[in-house]
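Structure at a glance
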Amino acid sequence: MPILDIDALRTFVSVVDQGSFAAAAGRVYRTQAAVTQRIQRLEANIGRPLLRKVGRAKRLTDDGVTLLDYARRILALHDEACASLVGTKVTGEIRLGAPDDASETILPGMLRRFATMFPEVRVVIHIARSAFLMQSLKQGEIDMAISTRDDPSHPRLRLRTAPTFWLSAAEFKLVRNEPVPLVMHDEPSLFRSIALDALEKAHIPMRLTHISGSLSGIRAAVRAGLGITARSIETLEPTFRVLGTADGLPPLPDVSLYLYLATLNAHPTARQLFDSLRDSFGEPD
DNA sequence: TGATGCCTTTCAGATGATAC
DNA sequence: GTATCATCTGAAAGGCATCA
């Protein structure tokens, strides 16, 4: 049975997260050649390919997808163990902002991680849209924010990058040659911009049938079969389905989720927490 | 279509850890 | 102290995408 090396797993996860060996090399403080060799050794150790070439890019094989899930959990547990042994005691209260989508997906895992690493820190959670969270962050109203906004002016670390999908109710059918009915957030909204931009570039007519200020409102309208929306895969429900090019819709770009630290009035506890997370996630970008 | 740049892979040599 | 092994770096070569 192969024994998985922590450094090799971290390199593997970095390659997947960064999308290239060169970028991953910077994350793991090794040269590009060393990253190639680590991945090759990992694949040789397991006896199966984890990545396959698609042009210049890399794609995960089925085994790669399986290992990635385990690798993330192994690394998280490893980092928690290290933090616990190092024993840096962090106390206090931090105000953490998160968008609707993240509150149901990435946030629970992050809160669990916070609680394990820093059991004495009290977290006050603010749920709001990414754009509004960034405003609150700028004004020092919250200490940290999970956001899809790309704002390099604040210290940040990338939590993950995920594809964006067209989603509709299972029974919903797009009518060819008629404007695509859209269910979207009101402005400002990254997913709205992405969707409208993609449709415009593809010269596909559309109409905004329902606009909501909340994710639950969008879900309700999509569930009712009133239109389609563009969101990350976490928004997918059992009663939804994913639409794509076969339905005449253009592909959508990936969206990154960042954790930001306020530059104004950030509580020292938040800074400690952010630094600890940065150490376990890698350098901010 | 060729030039260019970026990225990955391969190779040779260096270095450090371990076993004897 | 020496041999062996694992892993690293840096250089070179080749593949692929982009652009004029």
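Just so it is clear, the model here is predicted, and its values are computed rather than measured. Sequence order as written defines the numbering, with residues in each chain counted from 1. Chains carry letters from A onward and ligands carry numbers from 1 onward, assigned in written order. Where local features are concerned, this predicted model is filtered to residues with pLDDT of at least 70; where side-chain atom pairs are given and counted, the filter is 80 or more; whole-chain, interface and lining totals use all residues. Calculation of side-chain values draws on the structure's entire complement of heavy atoms; hydrogens and water are dropped beforehand.

1. Brief notes about the sheet that holds strand β12 (residues 255-261)
Stated precisely, the cut-off is as follows: Strands are labelled as partners when DSSP assigns at least two bridges between them. A run of H or I in DSSP becomes a helix once it reaches four residues, and a run of E becomes a strand once it reaches two; helices and strands are each numbered from the N terminus. Angles here are taken between N-to-C directions and fall from 0 to 180 degrees, while the axes themselves are lines fitted to C-alpha atoms, restricted in helices to the stretch in contact. Residue contacts are counted whenever heavy atoms from the two residues lie within 4.5 Å of one another.
Strand order in this open sheet of 5 strands is β4-β3-β5-β12-β6, and the pairing throughout is mixed. Of all strands in the sheet, those with a lone pairing partner are β4 (121-127) and β6 (156-162), marking the two edges. Going across the sheet, the axis of each strand differs from the next one's by a mean of 20°, ignoring polarity. Together, β3 (92-98), β4, β5 (144-147) and β12 form the strand contacts of helix α7 (residues 130-138), whose direction differs from that of β5 by roughly 160°.

2. Here's the deal with the sheet that holds strand β11 (residues 240-243)
The sheet built from 3 strands is open, its strands ordered β10-β7-β11 with antiparallel pairing. Strand pairing shows two members of the sheet lacking a second neighbour, β10 (229-232) and β11, which therefore form its edges. In this sheet, neighbouring strand axes are inclined to one another by 50° on average, regardless of whether the strands run parallel or antiparallel. Two strands pair when backbone bridges link them, and strand β7 (residues 164-169) and β10 are joined in this way by 4 bridges, in the antiparallel orientation. Residue pairing for β10: Leu-167 is matched across the bridge by Thr-229. Against the sheet, helix α8 (residues 190-201) contacts β7 and β10, and its axis sits at roughly 125° relative to β10.

3. A closer look at the pairing of β5
This is how the line gets drawn: Think of it in three bands: with a 1.4 Å probe and only protein chains considered, a residue is buried below 20% of the maximum accessible area for its type, exposed above 50%, and partly exposed in between.
Covered by surrounding structure in β5 are Met-144 and Ile-146 together with Ala-145 and Ser-147, the residues of both alternating faces. For β3 and β5, the ladder comprises 2 bridges, and the chain directions are parallel. Paired with Leu-96 across the strands is Met-144, a residue of β5.

4. Examining α7
Among all positions in α7, only Ser-130, Ala-131, Leu-133, Met-134, Ser-136 and Leu-137 are buried. Packing partners of the buried residues in α7 comprise β3, β4, β5 and β12.

5. Observations regarding the packing of aromatic side chains
Counted only if it meets this: Geometry of aromatic contacts follows a simple scheme: Phe, Tyr and Trp rings, the Trp one being its six-membered ring, pair when their centres are within 6.5 Å, and the pair is stacked under 30 degrees between planes, edge-to-face over 60, tilted otherwise.
This structure, assessed with the given rule, holds 1 aromatic pair. Judged by centre distance (5.8 Å) and plane angle (50°), the ring pair of Tyr-258 and Tyr-260 falls under tilted. With a relative accessible area of 8%, Tyr-258 lands in the buried category. In this structure Tyr-260 comes out as buried when scored by relative accessible area, which is 0%.

6. Digging into the nonpolar core
The nonpolar side chains of a soluble globular protein tend to be buried, and buried together. For clarity, the cut-off: By nonpolar core is meant a set of buried Ala, Val, Leu, Ile, Met, Phe, Trp, Tyr and Cys residues that side-chain atoms within 4.5 Å join together.
Counting 22 residues, the largest nonpolar core has Met-144, Ile-146, Leu-259 and Leu-277 as its most contacted members. Broken down by element, the residue count for this core peaks at 5 residues, all from helix α6 (residues 106-117). Non-local contacts of Met-144, meaning those with residues more than four positions away in its chain, are made with Ile-94, Arg-95, Leu-96, Gly-97, Leu-137, Leu-259, Tyr-260, Leu-261, Ala-270, Leu-273, Phe-274 and Leu-277.

7. Some remarks on α8
The following threshold applies: For a helix, the expected span equals 1.5 Å multiplied by the number of residues minus one.
Between the first and last C-alpha of α8 there are 16 Å, a value that for 12 residues agrees with the 16 Å anticipated at 1.5 Å per step. Among the residues making up α8, those that are buried are Phe-191, Arg-192, Ile-194, Ala-195, Leu-196, Ala-198 and Leu-199. Elements that come into contact with the buried residues of α8 comprise α5 (100-104), β7, β8 (180-185), β9 (206-212), β10 and β12.

8. Examining the side chain of Ser-212
Relative to the helices and strands, Ser-212 is located in strand β9. Not counting residues up to four positions away in its chain, the partners in contact with Ser-212 are Arg-129, Met-184, His-185, Asp-186, Gly-217 and Ile-218.

9. Here's the deal with the packing of helix α1 (residues 6-18) against helix α3 (residues 32-46)
To keep things clear, this is the line we draw: When an angle is under 35 degrees it counts as roughly parallel; over 145 it counts as roughly antiparallel; between 65 and 115 it counts as roughly perpendicular; any other value is oblique. Crossing handedness is defined as follows: a turn of the near helix away from the far one that is anticlockwise and smaller than a right angle gives a left-handed crossing, while the clockwise case is right-handed.
Across the interface, α1 lies against α3 with an axial gap of 9 Å and an inter-helix angle of 110°. With respect to each other, α1 and α3 are oriented roughly perpendicular. For the pair α1 and α3, the crossing hand works out as left-handed. For the pair α1 and α3, the contacting residues are Asp-7, Ala-8, Leu-9, Thr-11, Phe-12 and Val-15 in the first and Val-35, Arg-38, Ile-39 and Leu-42 in the second.

10. Some points on the confidence of the model for chain A
Stated formally: The pLDDT value tells you how sure the predictor is about a given residue, anywhere from 0 up to 100.
For chain A, per-residue confidence averages 78 on the pLDDT scale, and residues scoring 70 or more make up 88% of the total. Considering each helix and strand of chain A separately, the mean pLDDT is smallest for helix α10 (residues 268-281), with a value of 68, and largest for β5, with 88.

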